Amino acid sequence: MTRPGFRRLSRAGFRRWRGQRPFWGGLLLALGGAEILLTEKASMKVVLHLGMQGLAGYLLPTLMLLLGLLILFNPAQRLFYSITGLLLSLGTWLTSNLGGFFLGLLLGLTGSCLAFGWLPDQEPRLGRRQRRRAARQGAGEPA
């Protein structure tokens with residue numbers, strides 16, 4: 001049995017870990033690679049074309065999946081990983097059923113762009129309520 005306090009602490013720890021890396025970018029890139037790999041296993045009636053020599057059809061999405069995990073667990077090298085993931089995602093257009101029927105391609109491109117644009121030392125953004133509350137306290141109005 002889990003206690004409510006332990007669950008709260010583990011959730012706070014995950015949120016802290018997630019905030020220190022381009023989490024959504026790495027996750028979307030990895031999901032894009034996984035989706036393209038799954039479409040490679042589709043029946044021949046569904047597959048549009050097999051791709052160049054077959055090996056590239058499996059190699060590029062596997063590398064996309066690996067780069068997504070590397071972005072999650074080694075965020076210091078996110079620029080190299082995201083640019084490489086972007087190029088691999090574009091390459092799946094030719095090699096892997098039009099990029100996993102466009103879904104894996106779009107997931108890979110979006111994840112790579114998110115990882116590239118992530119800034120590690122940026123202050124967390126304040127929500128609308130928090131900005132209004134800060135403006136009221138700065139103006140001297142009671143909360």
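Please refer to the structure placed before this passage.
Thresholds applied
Residues numbered from 1 in each chain as written. Predicted model: local features only at pLDDT ≥ 70, side-chain atom pairs only at ≥ 80, totals over all residues. Heavy atoms only, no water. Helix = DSSP H or I, 4+ residues; strand = E, 2+ residues; numbered from the N terminus. Patch = residues over 30% accessible without salt bridge, like charges linked within 9 Å, V, L, I, M, F, W, Y side chains within 5 Å. Areas by Shrake-Rupley, 256 points an atom, 1.4 Å probe, with all protein chains shown as cover. Salt bridge = Lys/Arg side-chain N within 4 Å of Asp/Glu carboxyl O. Axes fitted to C-alpha atoms, helices over the stretch in contact; angles between N-to-C directions. Parallel < 35°, antiparallel > 145°, perpendicular 65-115°, else oblique. Left-handed = near helix turned anticlockwise from the far one by under 90°. Contact = heavy atoms within 4.5 Å. Nonpolar A, V, L, I, M, F, W, Y, C, P; charged D, E, K, R; others polar.

## With respect to the environment of leucine 59
For step 1, the next point in the chain: Turning to its location among the elements, leucine 59 is positioned in helix α3 (residues 55-73).
For step 2, the next point in the chain: For the pair leucine 59 and serine 96, spaced 37 residues apart in the sequence, the C-alpha separation amounts to 9.6 Å.

## A closer look at a nonpolar patch on the surface
For step 1, the next point in the chain: Together, Leu79, Ile83, Leu87, Leu90 and Phe116 make up an exposed nonpolar region whose accessible area comes to about 480 Å².
For step 2, the next point in the chain: At four residues, the largest contribution of residues to the nonpolar patch is made by helix α4 (residues 78-95).
For step 3, the next point in the chain: Within the secondary structure, leucine 79 sits in helix α4.

## Considerations on the packing of helix α2 (residues 23-40) against α3
For step 1, the next point in the chain: Look at α2 against α3: their axes get within 7 Å of each other, and the N-to-C directions meet at 160 degrees. Between α2 and α3, the interaxial angle falls into the category roughly antiparallel. Two packed elements cross with a definite hand, and for α2 against α3 that hand is left-handed. Contact with α2, carried on its side by Phe23, Gly26, Leu27, Leu29, Ala30, Gly32, Gly33, Ala34, Ile36, Leu37 and Glu40, involves Gly57, Tyr58, Pro61, Thr62, Met64, Leu65, Leu67, Gly68, Leu69, Ile71 and Leu72 of α3 and no other residues of that element.
For step 2, the next point in the chain: Of the residues that constitute the contact of α2 with α3, the class distribution is 15 nonpolar, six polar and one charged.

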